[in-house]
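Working through the structure, step by step
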Amino acid sequence: MMQSKKTKFGVSSLSLAISFALAGTAMSSQAFAADEEAVKENVEKIAVVGSRAAPRSIGDSPVPVDIISSDDLKKNGSTDMIDMLVTSVPSFNSRAQPISDAATLVRPVNLRGLPSDSTLILVNGKRRHRASVIAFQGGGINDGAQGPDISVIPGVALKQVEVLRDGAAAQYGSDAIAGVMNFVLKDDSDGGSITVSQGEYYEGDGAATTIDGNLGLPLSDDGFVNISAQYKTADATSRSVQRPDAAAIAAAGNEFIQDPAQIWGNPEINDDFTVFVNSGYDLNDNTQLYAFGNVSSREATGGFYYRNPQDRDLVYSKINPDTDERELLVGAVNGDQSTCSIVPANVDNVLDTPEYLAMVADPNCFSMNQIRPGGYTPQFTGKIEDMSFFAGIKGESGEWMYDVSAGTGSNKASFGLKNSLNPSLGLETPTDFDTGSYEQVETTFNVDMNRFVTIGGLEDISFATGFEWREESFEIGQGEEASWIAGPYADQGFNIGSHGFKGFGPESAGKNKRNNIGVYTDVEAYLTDEFLVGVALRYENFSTFGDTLNYKLTAQYMATDELSFRASHSTGFRAPTVGQENVVNTQTSIVNGELIQSFIAPPTNPLAAFYGGETLNPEESVSYAAGFVYEYENLFLTVDYYNIEVTGRIAQSSQITVEESDYDALRAAGVEFPELISKVTFYTNDFDTTTQGVDIVGSYSMDLFSGDAKFSLAYGWTDTNVDKYDETTTDAGKVRRLEDGIPAHRATLTWGQSWDDLSMSVRGNYFGEYYATHADDTSDWGSEMAGSAVTVDLEVSYAVMDNLTVSVGANNIFDQEAEKLKDGTLGVLGAVYYESGPFDYNGGFYYGRVNYRF
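Now for a quick tour of the structure. Note that residues are indexed from 1 along each chain, following the sequence as it is written. Restriction of local features to residues with pLDDT of at least 70 applies here, the model being predicted, together with a cutoff of 80 or more for giving and counting side-chain atom pairs; totals for whole chains, interfaces and linings are based on all residues. With hydrogens and water stripped out, all remaining heavy atoms of the structure feed into the side-chain values.

**A few points about the pattern of salt bridges**
To be explicit about the condition: Between Lys or Arg on one side and Asp or Glu on the other, a salt bridge is scored when a side-chain nitrogen of the former is within 4 Å of a carboxyl oxygen of the latter. Under the DSSP-based scheme used, a helix requires at least four consecutive residues in state H or I and a strand at least two consecutive residues in state E, with every element numbered from the N terminus. Using a 1.4 Å probe on the protein chains alone, a residue whose accessible area is under 20% of its type maximum counts as buried, one over 50% counts as exposed, and one in between counts as partly exposed.
For the structure on display, the rule yields 33 salt bridges. With a shortest N-O distance of 3.6 Å, arginine 107 and aspartate 80 are connected by a salt bridge. Remark: aspartate 80 occurs in the loop between helix 5 (70-74) and helix 6 (81-86) and arginine 107 occurs in the loop between strand 4 (92-94) and strand 5 (109-111); sequence separation between them is 27 residues. The salt bridge partner of aspartate 143 is lysine 734, with a shortest N-O separation of 3.0 Å. Here aspartate 143, found in the loop between strand 7 (126-127) and strand 8 (158-164), pairs with lysine 734, found in helix 13 (residues 732-740); they are 591 residues apart in sequence, far enough to count as distant. Pair check on accessibility: aspartate 143 and lysine 734 agree, each one buried. Each member of the salt-bridge network shares a partner with another, and the members are Arg127, Arg130, Asp175, Glu442, Arg470, Glu472 and Arg514.

**Digging into the side chain of threonine 554**
Heads up, the condition is: Should any heavy atoms of two residues lie within 4.5 Å, those residues are counted as being in contact.
When you line up the elements, threonine 554 lands in strand 25 (residues 546-558). Discounting residues that sit within four places of it in the chain, threonine 554 has contacts with Pro62, Val63, Leu532, Val533, Gly534, Ala567 and Ser568.

**Re the sheet that holds strand 9 (residues 179-185)**
Two modes of strand pairing occur in sheets, parallel and antiparallel, and in both the strands are linked by backbone hydrogen bonds. Condition: When DSSP finds two or more bridges between two strands, those strands count as paired.
Taken in spatial order, the 5 strands make up an open sheet running 3-8-9-6-7, and their pairing is mixed. Two strands close off the open sheet at either side, each with one partner strand: strand 3 (65-69) and strand 7.

**Topic: the nonpolar core**
We apply this condition: Throughout this description, the term nonpolar core refers to a set of buried Ala, Val, Leu, Ile, Met, Phe, Trp, Tyr and Cys residues connected via side-chain atoms within 4.5 Å.
Of all hydrophobic cores here, the largest spans 47 residues; its most connected members are Phe415, Tyr438, Val583, Leu607, Tyr611 and Val658. A per-element tally of this core places strand 20 (residues 400-418) first, with 3 residues.

**What to know about the packing of aromatic side chains**
Operational definition: Ring pairs shown here join Phe, Tyr and Trp side chains whose ring centres sit within 6.5 Å, with only the six-membered ring taken for Trp; geometry is labelled stacked below 30 degrees between planes, edge-to-face above 60, and tilted in between. For a ring to carry a charge above it, either NZ of a lysine or CZ of an arginine must fall within 6 Å of the ring centroid while also lying within 35 degrees of the normal to the ring plane.
A complete count under the given rule lists 25 aromatic pairs for this structure. When the centroid spacing of 5.6 Å and the interplanar angle of 50° are considered together, the rings of phenylalanine 380 and phenylalanine 501 count as tilted. With a gap of 121 residues between them, phenylalanine 380 in strand 19 (residues 379-397) and phenylalanine 501 in the loop between strand 22 (458-477) and strand 23 (510-526) connect regions that are remote in the sequence. The exposure classification of phenylalanine 380 matches that of phenylalanine 501, with both residues buried. When the centroid spacing of 5.2 Å and the interplanar angle of 40° are considered together, the rings of tyrosine 438 and phenylalanine 474 count as tilted. Placement of the pair is tyrosine 438 in strand 21 (residues 433-455) and phenylalanine 474 in strand 22, with a sequence separation of 36 residues. Every member of this aromatic cluster is reached through a ring pair, and the members are Phe304, Phe380, Phe415, Tyr438, Phe474, Phe501 and Phe504. In this arrangement the basic side chain of arginine 112 is found over the ring face of tyrosine 642, its NZ or CZ atom lying 4.6 Å from the centre.

**Thoughts on the sheet that holds strand 27 (residues 585-591)**
The strand order across the open sheet formed by 4 strands is 27-28-32-31, and the pairing between neighbours is mixed. The sheet terminates laterally at strand 27 and strand 31 (656-657), the two strands that pair on one side only. When strand 31 meets strand 32 (residues 679-681), the two strands line up antiparallel, connected through 2 bridges. Following the sheet pairing, isoleucine 656 is matched in strand 32 by valine 680.

**Focus on the state of the cysteines**
Inclusion rule: Cysteine sulfur pairs qualify as disulfides if the two atoms are within 2.5 Å.
Overall, the coordinates contain 1 disulfide when judged by the stated rule. There is a disulfide in this structure between cysteine 340 and cysteine 365, and the S-S distance comes to 2.0 Å. Linking cysteine 340 and cysteine 365, the disulfide has an S-S dihedral of approximately -95° and is accordingly described as left-handed. Taken together, the residues cysteine 340 in the loop between strand 17 (331-332) and helix 9 (354-361) and cysteine 365 in strand 18 (residues 365-366) connect sequence positions 25 residues apart. Judged by relative accessible area, which is 9%, cysteine 340 ranks as buried. Taking relative accessible area as the criterion, cysteine 365 reaches 5% and is therefore assigned buried.

Below, the structure is given as structure tokens:
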């Protein structure tokens, strides 16, 4: 067993598998100990993701894999894992979320132009559970996506990150249409570090402090426990101006208007802590026990849209159908609104009008102006609690290597509102609400085996097979009664529930579950010393919608010692999440510059079904990729083209108007108060896309300025085309955002320079043109093609002593300004910049960091 090709892969490559805990790869602890130093020297070159065979160098991989080391991750002013990866992976993107509902709490990302839930996330080779938060306002590509929250993974806990930029559903199952990211935890049994970093934006806000540490401990003579912890806080930012409507009312004498009335900026982050533990223990020379997991929590407070005290429908005012004039919405305690004065609202300051003063003097009549005379801007609060635990046993038995594991993970988001109202409760309404929670729980059991076999004249064929069982649940927790109840004034036209985010009532609360099984086979073989081929086949069966069968083909040909060509073809799928099938939410959105209240309903809910909602089916994909790898002395270069066709793509529909003519039919179908629902949206398989692109990754090392220099390039071109969509559920603006919402061209060029005690890193980031939109508006209001931009990051580090390093630096050191809103929309909603930009609209950020190693 394992003769000629074992030499090709390298003993150190094989021994590395034990530390990564990837399914189907294992090696004896004796071999691991013998080659531990060789593994450490080559750790940045060896990847286990993307193949069930022995780990191999990324240059020998038939599919593109990026390796980002722990040291590379640290060369960034941000300690958020998402920000770290954006500067390292060519086709990985994310954007800031100033006012984006729950997406403010868990920032969605995208790889190769596809949403966050099309990238499978692994930790130590095991599937990571998804977040409970669904990105209802995900900036086009991520609208409605429910991917894992990778921001809870601290850089200090990682040995490296492996990014497979290739479809891999046939190998790993659902969610791997765009690729796979494997976060490999540190496994040192001694030593450690403590790091303190602090920084703030050039504007003087957003001050952030991070304290993290890592400790490696021996577990007797045969094991290890590695512990990492991180604690963060960050102040809110504001890139706001006073809204013209608020300024006009204040100028007319309303003394209760805040300046600014609405904040656009990053949320405030409090008590953001996470602890990761990784451990392993050798029972004997051939068997190892392992376990790892995390506990994390953070609290965030962000802004919502301003509620104008004179024209916010169903709260402050209404349109009189007889006169088409705007009037205050006046409630009557005795239920007879006809006894109350009509108060015109299309005036400069309604508080000074005699009609308003007369209404207030009548104890039977009221308006919400009496509670919030200057309007109000709700604050969205959330607490994210995340945990996971995996344990397993792996080793070698006869000809077989095996890995048996089980694990569970959960993510809970508890929501709240401050400075809001439940208008239907009248003047008795609370102003702060506990609106309920979402919780995602996943449990996984895996059995993975592989061995080398000989068939005919082909030796050392890697054969892997395995089984997976997974259960996934999504639970909606009920909010406090005042956040969802239809109060006594609901039938007088006042909005129901806490305004901005209606709490989850008993009709919404509950848990939904789904389970599935998967079986796979994976074969790789060298047909000649230069030609590697691979075949993977996976069958999965889901309890909710049935089964699916997918395959993958890979090949690599070594043309010379320096040049190799590679290609892959695969089919894939992404199952709709249990959350997407069952989520309920009420949100405030912008359409044509106006605030509207929309209800997100499960696709089979009577309201959604009335407007075309149907049971969700899995997305299906077909992928093609081809490229080459060139390695010569200190030069490393990969160029890869990909093409991904996705049919039946799952996304949140556009807002569909609830027509007055439909009210009776909706009531008959069981919909309560349809007249208080402006729009409805739901999940649907209503469009097909083709995404293609080119990724270029290169590096070159040389002696320069009496020191060592390394130049790194990561370039990505991405193009998405919507081939087909349903115009009844998806509007053209949503299509435009999906096709052009991220830059087609992204590039990062890094120069790392080091001397004895001094090192420096300079990074230039290029962002091409993109379709800029304001907030979550899919209309043409305020949108335009934004120009390209370049930002520059700089960090300088000095080793004060062998184990103490001080670093200073800045992200966007030249304070490159984000794209400003165009005339006509600038400042209308209190904002200066488009929120859909590809880089931080907050401007330059400077920081300092002290690292102590022991």
